[in-house]
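Here's the letter readout for the chains.
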Amino acid sequence: MLKIGVLGAGHLGKIHLRLLQQSEKYELVGFYDENLENGAKIATEFGYKQFETIAKLIHAVDVIDIVTPTLSHYKCAKVSIKSGKHVFIEKPISTTVEEAEEIIALTKEYNVKGQVGHVERFNPAFIATKNMIENPMFIETHRLAEFNPRGTDVPVVLDLMIHDIDAILSVVKSKVKNINASGVSVISETPDIANARIEFENGCVANLTASRISMKNMRKSRFFQKDAYISVDFLEKKCEVVKMKDAPEVPGDFDIILQNAEGVKKQIYFSNPDVEQNNAILDELESFADAINNNTTPVVTLEQATEALKVAYQIIDCFKK
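Bear in mind the structure is a predicted one, so any value in this text is a computation, not a measurement.

So, how was this worked out
- Residues numbered from 1 in each chain as written.
- Predicted model: local features only at pLDDT ≥ 70, side-chain atom pairs only at ≥ 80, totals over all residues.
- Heavy atoms only, no water.
- Phe/Tyr/Trp six-rings, centres within 6.5 Å; stacked < 30°, edge-to-face > 60°.
- Helix = DSSP H or I, 4+ residues; strand = E, 2+ residues; numbered from the N terminus.
- Buried < 20%, exposed > 50% of the residue type's maximum accessible area, 1.4 Å probe, protein only.
- Lys NZ or Arg CZ within 6 Å of the ring centre and 35° of its normal.
- Arc of directions from axis to C-beta.
- Contact = heavy atoms within 4.5 Å.
- Polar contact = N/O pair within 3.5 Å; in protein donor to acceptor, adjacent residues only side chain to side chain.
- Pairing = 2+ DSSP bridges.
- Axes fitted to C-alpha atoms, helices over the stretch in contact; angles between N-to-C directions.
- Salt bridge = Lys/Arg side-chain N within 4 Å of Asp/Glu carboxyl O.
- Expected span 1.5 Å × (residues − 1).
- Core = buried A, V, L, I, M, F, W, Y, C linked by side-chain atoms within 4.5 Å.

Notes on the packing of aromatic side chains
At step 1: Counted by the stated rule, this structure contains 5 aromatic pairs.
At step 2: For the ring pair phenylalanine 126 and phenylalanine 234, a centre distance of 5.8 Å and an interplane angle of 40 degrees mean the geometry is tilted. Pair noted here: phenylalanine 126 is in helix H6 (residues 124–130) and phenylalanine 234 is in the loop between strand E11 (228–233) and strand E12 (238–246), with a separation of 108 residues, a long-range link. The same class applies to phenylalanine 126 and to phenylalanine 234, which are both buried.
At step 3: Taken together, a centroid distance of 5.8 Å and an interplanar angle of 40 degrees make the contact between phenylalanine 138 and phenylalanine 224 tilted. In this pair, phenylalanine 138 is assigned in strand E6 (residues 138–144) and phenylalanine 224 in strand E10 (residues 218–225), connecting sequence segments 86 residues apart.
At step 4: The lysine or arginine in question, arginine 143, covers the ring of phenylalanine 234, its NZ or CZ lying 5.6 Å from the ring centre.

Right, dumping it as structure tokens:
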């Protein structure tokens, strides 16, 4: 079992602590939170060991789980990696692309592994459909959330939309060609609602919408490709696949047949892939343990997370224009 320590015991940090305590692949050594009073409460309530300094925690473990505010990701990762520790970093990887690239360089220099918490890659509905998403040419995503002051220190693109940016980049095997976007600040200093159109070199177009001042929560993506439409509901953990194939010469009574203007007939059929329920956060953390123990590539690499961050900043730059 790998010894692991958690940096940051806020809302998400507490979830990580609870899951790591349950994990069969990690031994939870303890945590550090810069708010020592808050840390003491958590230590008393849940029995986790609280460390007085980051240095002491880093010294006691093999892996550091960084669940601090985004602004401190780089600083925490740098000191952990230089101490020879593997790092799991919550998304986004860091505040700037330059910081992210330096984190990558440091992991190579100190020969340690890193993974980023783009948790939607482990969403069971996405896992159930990912192999069916073969060459999407149009993608539409909606990620809407009710207002929560937590996270408003960064634009909605870095807070919410980056989940969908990462998922899209993982299925579109082409480089980004062009981006257009607009964003509106309603309640925060940075945009709370954003829409982006990403065009890829292979002709694929992705239209992304994110809002953190919605009346309801929604996390849906739709992937359109030749002869198939795939819908993924990340919130409800459901998916639907609609496929088309050449119509049989003698259709059955319940077959759904469409005919285009050229007279070509296609049969539509529906499938609901089995979605195996899981705990996505525990799965991503344990997949990192597997990557370390087996010396394999993590599911969400630092490089992939940096690409998602680059695209996010291209979108934010469009707002300034």
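Some words on helix H2 (residues 36–46)
At step 1: Among the residues of H2, those classed as buried are Gly39, Ile42 and Ala43. End-on view of H2: buried residues confined to an arc of 100 degrees, all on one side of the axis. Exposed side chains of H2 directed beyond 90 degrees from the buried face belong to Glu37, Lys41, Thr44 and Glu45.
At step 2: Elements in contact with the buried residues of H2: helix H1 (11–22) and strand E2 (26–32).
At step 3: You can read the cap of H2 off the contacts: a side-chain oxygen lies 3.2 Å from the backbone nitrogen of glutamate 37, and it is on asparagine 35.

Structural notes on the sheet that holds strand E4 (residues 86–90)
At step 1: Sheet architecture is open: 5 strands sit in the order E2-E1-E3-E4-E5, paired in parallel fashion. Bordering the open sheet on either side are E2 and strand E5 (114–117), each of which pairs with just one other strand. Strand-to-strand twist across the sheet, computed as the mean angle between neighbouring axes with direction ignored, equals 20 degrees.
At step 2: In terms of strand pairing, E4 meets E5 through 4 bridges, oriented parallel. Residue pairing for E5: phenylalanine 88 is matched across the bridge by glutamine 115.

With respect to the pattern of salt bridges
At step 1: A complete count under the given rule lists 14 salt bridges for this structure.
At step 2: A salt bridge links lysine 310 to glutamate 101; its shortest N-O distance comes to 3.6 Å. Of this pair, lysine 310 sits in helix H9 (residues 302–320) while glutamate 101 is found in helix H5 (residues 97–109), placing the two residues 209 residues apart along the sequence.
At step 3: Owing to a relative accessible area of 38%, glutamate 101 belongs among the partly exposed residues under this scheme.
At step 4: The shortest N-O distance in the salt bridge between arginine 121 and aspartate 166 comes to 2.8 Å. In this pair, arginine 121 is assigned in the loop between E5 and H6 and aspartate 166 in helix H7 (residues 156–171), connecting sequence segments 45 residues apart.

Thoughts on H9
At step 1: Between its first and last C-alpha atoms H9 spans 27 Å; for 19 residues at 1.5 Å apiece the expected length is 27 Å, and the two agree.
At step 2: All buried positions along H9 are accounted for by Leu302, Ala305, Thr306, Ala308, Leu309, Val311, Ala312, Ile315, Ile316, Cys318 and Phe319.
At step 3: Among the structural elements, E4, H5, E5, H7, strand E7 (176–184) and strand E8 (193–200) are those in contact with the buried residues of H9.

So, the nonpolar core
At step 1: Counting residues in hydrophobic clusters, the biggest one holds 92 residues, and the most contacted among them are Tyr26, Ile93, Val157, Met161, Ile165 and Ile315.
At step 2: The contact partners of tyrosine 26, leaving out residues within four places of it in the chain, are Met1, Leu2, Ile4, Leu20, Val63, Leu285, Glu286, Phe288 and Ala289.

Details of the sheet that holds strand E9 (residues 205–211)
At step 1: Across the sheet, 9 strands lie side by side as E7-E8-E9-E6-E10-E11-E12-E14-E13; this open sheet has mixed pairing. The two strands at the open ends of the sheet, each matched to only one other strand, are E7 and strand E13 (256–259). Averaged over all adjacent pairs, the angle separating strand axes in this sheet is 15 degrees, with direction ignored.
At step 2: Across 6 bridges, E12 lies against strand E14 (residues 265–271) in antiparallel orientation. From the neighbouring strand, valine 242 faces E14, where its bridge partner is phenylalanine 270.
At step 3: Along the sheet face, H7 touches E6, E7, E8, E9 and E10 and points at about 155 degrees away from the line of E9.
At step 4: H9 rests against E7 and E8 of the sheet, and its axis sits at about 55 degrees to E7.

Side note on the pairing of E9
At step 1: Of all 7 residues in E9, 5 are buried, a share of seventy percent or more.
At step 2: Judged from the 7 bridges that link them, E6 and E9 form a sheet pairing that is parallel. Its bridge partner lying in E9, threonine 141 is registered against leucine 208.
At step 3: With 7 bridges joining them, E8 and E9 adopt antiparallel strand pairing. Within E9, the residue paired with alanine 194 across the bridge is alanine 210.
At step 4: Hairpin connection, E8 to E9: the antiparallel pair is bridged by 4 residues, and glycine 203 has positive phi, about 100 degrees.

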